[in-house]
Amino acid sequence: THWPHGFVSESCPLYINEEENILNSIHCTDFLISELIVNIQNSEYYDENTLIVLSSDHLQMWSEKNNKIHLL
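J.: Just to check I follow, could you spell out the state of the cysteines for this structure?
T.: Note on terminology: disulfide describes a covalent bond linking the sulfur atoms of two cysteines. Under the defined criterion, the tally for this structure stands at one disulfide. Residue pairing for C12: its cysteine sulfur links by disulfide to C28, the two sulfurs lying 2.0 Å apart. Between C12 and C28, the disulfide has an S-S torsion of 60° and is therefore right-handed. Here C28 lies in helix α1 (residues 22-41) and C12 lies in the segment before α1, a separation of 16 residues in the sequence. The same class applies to C12 as to C28, namely buried.

Here's what the structure looks like:
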């Protein structure tokens, strides 16, 4: 997501059209992670005992968009 303005890969669909890209970059990251998981699940090495673990390397940084971001 690359704080403070966000970086959006060209391979990602646009989430919202606005000047600040932070919401677009979060959506992009979500999109890419989803594609990674689907690719793993479609791999010949994946089976019902495969465990996929995702972890962040840091907490979310503050943004004026925080009120629009819902983290579980």
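J.: Whenever I open this one, a nonpolar patch on the surface confuses me. Can you help?
T.: A contiguous nonpolar surface patch, about 260 Å² in accessible area, is contributed by I33, L36 and L54. For L54, the position within the fold is in the segment after α1.

J.: Mind showing me how you'd approach the environment of S11 here?
T.: Within the element layout of this structure, S11 appears in the segment before α1. The class for S11 is partly exposed, based on a relative accessible area of 47%. When the C-alpha positions of S11 and L32 are compared, they lie 8.6 Å apart, and in sequence the two are 21 residues distant.

So, how was this worked out
Residues numbered from 1 in each chain as written. Predicted model: local features only at pLDDT ≥ 70, side-chain atom pairs only at ≥ 80, totals over all residues. Heavy atoms only, no water. Disulfide = S-S within 2.5 Å. Helix = DSSP H or I, 4+ residues; strand = E, 2+ residues; numbered from the N terminus. Buried < 20%, exposed > 50% of the residue type's maximum accessible area, 1.4 Å probe, protein only. Patch = residues over 30% accessible without salt bridge, like charges linked within 9 Å, V, L, I, M, F, W, Y side chains within 5 Å. Areas by Shrake-Rupley, 256 points an atom, 1.4 Å probe, with all protein chains shown as cover. Salt bridge = Lys/Arg side-chain N within 4 Å of Asp/Glu carboxyl O.

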